[in-house]
Amino acid sequence: MLIEEEDYKTLRDSIDRFDNYNNLRLAKRLGEHELLEFRLLAAHLDKKSGKWEESISLSKQDKLFKDAMQTAAYSGEPEVAEELLSYFVHIGNKECFAAMLYMCFDLLAPDFVEELSWQHGLNDFYMPYKIQAQRSLVNEVAALVKPVKELSTKDAKRSRRRRRRHLSSTQVALEIDS
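Okay, so let's go over this structure. (Residues numbered from 1 in each chain as written. Predicted model: local features only at pLDDT ≥ 70, side-chain atom pairs only at ≥ 80, totals over all residues. Heavy atoms only, no water.)

1. Quick word on unusual backbone geometry
Okay, so step 1: With a phi angle near 60°, lysine 63 is a residue other than glycine that sits in the positive phi range.
Okay, so step 2: Relative to the helices and strands, lysine 63 is located in the loop between helix H4 (52-61) and helix H5 (65-75). (Helix = DSSP H or I, 4+ residues; strand = E, 2+ residues; numbered from the N terminus.)

What follows is the structure in structure tokens.
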């Protein structure tokens, strides 16, 4: 009924508040609607249902790239993010390529991004990402090195104590034998 009345605002509220409807059927019906707002709702439904590819496909169809990027980031799946990044390279949208590098920073493998940017001459757009990725790597390594050093120091102290005890017990044994 809300679709026939083209009341997308009330429909959006109902979708967000209630779960007693067939998500997939409604998303399919809305995705074929002529009004952009209804196709946005279809993408939203697909996103809620974990249908990342379908949601992103609808967003790409309507050139709503920010929504597509948000869905890729929300998915938490590297494959989804990499596919969308490749799509932006394929269509030549350098700005969306750069935006994706930050929106999906934790999902994108640095080697994948580096190869893609190198192959398509996007190094100027890639370089800030590369610097941040290297900084993150340095911070992660530093965070791992500190506990390892602490454990190593504790282990060395324990070994010295054991050696001293062993030497002391050996001296005592030697004195008793004498």
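2. Focus: H5
Okay, so step 1: Taken together, the buried positions of H5 are occupied by Phe65, Ala68, Met69, Thr71, Ala72 and Ser75. Each buried residue of H5 sits inside an arc of 160° when the element is viewed along its axis, so together they form one side. Residues Lys66 and Tyr74 are exposed on H5 and point more than 90 degrees away from its buried face. (Buried < 20%, exposed > 50% of the residue type's maximum accessible area, 1.4 Å probe, protein only. Arc of directions from axis to C-beta.)

3. Considering the packing of aromatic side chains
Okay, so step 1: For the structure shown, the criterion picks out 6 aromatic pairs.
Okay, so step 2: With a centroid separation of 5.3 Å and 85° between ring planes, the pair formed by phenylalanine 65 and phenylalanine 88 is classed as edge-to-face. Placement of phenylalanine 65 in helix H5 and of phenylalanine 88 in helix H6 (residues 78-91) is noted, with a sequence separation of 23 residues between them. Across the pair, phenylalanine 88 and phenylalanine 65 agree in class, each one buried. (Phe/Tyr/Trp six-rings, centres within 6.5 Å; stacked < 30°, edge-to-face > 60°.)

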